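# Close look at the chain arrangement
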Amino acid sequence: MPASFHDMGNNVLQERISSIITDIEGTTTPLTFVRDVLFPYARPRLRPWLREHAQSQTASSVLVQVQQEVGQPLSLEQAISRLEQWSDEDRKIGVLKTLQGLIWEAGYADGSLVAPVYPDVLPALTAWHAAGITLGVYSSGSVAAQHLLFGHTNEGDLRPLFSHWFDTETGAKQAVGSYQRIASQLGHPPSTLLFLSDHSAEVAAALAAGWHALLITRNDAALPAPPLPGQTPVDSFAGIRIDTPVTLHLAG
Ligand SMILES: CSCCC(=O)C(=O)COP(=O)(O)O
Ligand SMILES: [Mg+2]
């Protein structure tokens, strides 16, 4: 599918791309894996896991964070109920994401969880990595959960391709400031950074921070994100071609 950057003429970006940062759910990995496999795996295990670890530092920290989030004291059982509710609502709250990551660890370890990546993802990441581009991840899932997911994909362990990992500790994915903070941590000008996501508001936030950003609309997306003005969504990483480290253009 032809596609273009918001600010590109002739589908060619005459600027060095130093880093590519990618979202996970709906971008590298089918949304259905996160919604229909990962979340249902963690949901019934939230209460047993926290009860089992009730005396641990982790459980104490979870309790404090849930209390801070709701602004009132809660018992551990009440906090767990709140976490279950947030899970049902797919809330991107840091303490829930941290806990989900801890629970998924066992599933990845015993082989019951294997994360699919779209077939175009590994070839593109490999080519970009070989071209000297810094690769990173920015997801609502905790950094620990990101490592687990990319460490256990149907294409093997993809973690060596990535050198930077960001979650909502850096800020909300729809907030412009998050992309400014990531740019400073990368140490590269925003104009040399490219963000890939299936979420229009995330792409818009990255663009507002001075990044390049592309909306990825996968063919299996149940609810494709509304397109951004002046930008044609890309349905595959194969549609993003980098011929040299200094010129990036999209396959038409
Ligand atoms: C890191 S694995 C689980 C992903 C997740 O928990 C999630 O909420 C998806 O968020 P994303 O920002 O990758 O769309
Ligand atoms: Mg996403």
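Note that the structure is predicted; figures quoted are calculated from it, not measured.

Attention now goes to the overall build of the protein chain. If you tally the helices and strands in the protein chain, you get nine helices and eight strands. The buried share among the 252 residues of the protein chain stands at 36%. For the protein chain, long-range pairs separated by at least 24 residues make up 67% of all intrachain contacts whose partners lie at least 6 apart in sequence.

The interhelical angle for the contact between helix α3 (residues 57–70) and helix α4 (residues 76–88), taken along N-to-C directions, is 65°, at an axis separation of 10 Å. Our classification of the angle between α3 and α4 gives roughly perpendicular. Considering how the two elements wind past one another, α3 and α4 form a crossing that is left-handed. Seen from α3, the contacting residues are A59, V62, L63, V66, Q67 and V70; seen from α4, they are L76, A79, R82 and L83. Along the lines of polarity and charge, the residues of the contact of α3 with α4 split into eight nonpolar, one polar and one charged.

Within the largest apolar cluster, 56 residues are counted, with the highest numbers of intra-cluster contacts made by Y179, L194, F195, A206, W211, A213 and L214. Per-domain counts for this core show at least three residues from each of domain 1 (12–29 + 115–250) and domain 2 (35–109). The contacts of A213, once residues within four sequence positions are left out, are L194, F195, V203, A206 and L207.

Take the environment of S236 next. Positionally, S236 belongs in the loop between β6 (212–215) and β7 (240–244). Separated by 128 residues in the primary sequence, S236 and Y108 place their C-alpha atoms 26 Å from one another.

This paragraph deals with the site of ligand 1. Taken together, 15 residues sit near ligand 1, with I24, E25, S139, S140 and G141 positioned nearest. The element that contributes the greatest number of residues to the shell around ligand 1 is helix α7 (residues 143–151), accounting for three residues. Both domain 1 (12–29 + 115–250) and domain 2 (35–109) contribute no fewer than three residues apiece to the shell around ligand 1.

With that settled, the discussion passes to the domain arrangement of the protein chain. According to the domain assignment, the protein chain contains domain 1 (12–29 + 115–250) and domain 2 (35–109). Using C-alpha coordinates to define each centre, domain 1 is positioned 27 Å away from domain 2. Between domain 1 and domain 2, the residue contacts involve ten residues of the former and nine residues of the latter. In terms of residue class, the side of domain 1 that touches domain 2 is built from three nonpolar, five polar and two charged.

Further remarks concern α7. Taken as a whole, α7 has its buried residues at A145, Q146, L148, L149 and F150. Contacts made by the buried residues of α7 are with α5 (94–109), β3 (134–138) and β4 (164–166).

Once that is clear, we can look at the pairing of strand β5 (residues 193–197). Taking burial as the measure, the five residues of β5 include five buried ones, the bulk of the element. Direction of pairing for strand β2 (residues 19–22) relative to β5: parallel, over a ladder of four bridges. Residue pairing in the sheet places S19 in a bridge with L193 of β5. Pairing between β5 and β6: four bridges, direction parallel. Across the sheet, S197 pairs through a bridge with L215, a residue of β6. Following the chain from β5 across helix α9 (residues 200–208) to the adjacent parallel β6, one finds a crossover that is right-handed.

Cut-offs and rules
- Residues numbered from 1 in each chain as written.
- Chains lettered and ligands numbered in written order.
- Predicted model: local features only at pLDDT ≥ 70, side-chain atom pairs only at ≥ 80, totals over all residues.
- Helix = DSSP H or I, 4+ residues; strand = E, 2+ residues; numbered from the N terminus.
- Buried ≥ 20, exposed ≤ 12 C-beta atoms within 10 Å, placed from the backbone.
- Contact = placed C-beta atoms within 7 Å.
- Axes fitted to C-alpha atoms, helices over the stretch in contact; angles between N-to-C directions.
- Parallel < 35°, antiparallel > 145°, perpendicular 65-115°, else oblique.
- Left-handed = near helix turned anticlockwise from the far one by under 90°.
- Nonpolar A, V, L, I, M, F, W, Y, C, P; charged D, E, K, R; others polar.
- Core = buried A, V, L, I, M, F, W, Y, C linked by C-beta atoms within 7 Å.
- Domains from an automatic or database assignment.
- Near = placed C-beta within 6 Å.
- Pairing = 2+ DSSP bridges.
- Right-handed = clockwise from strand over helix to strand, strands pointing away.

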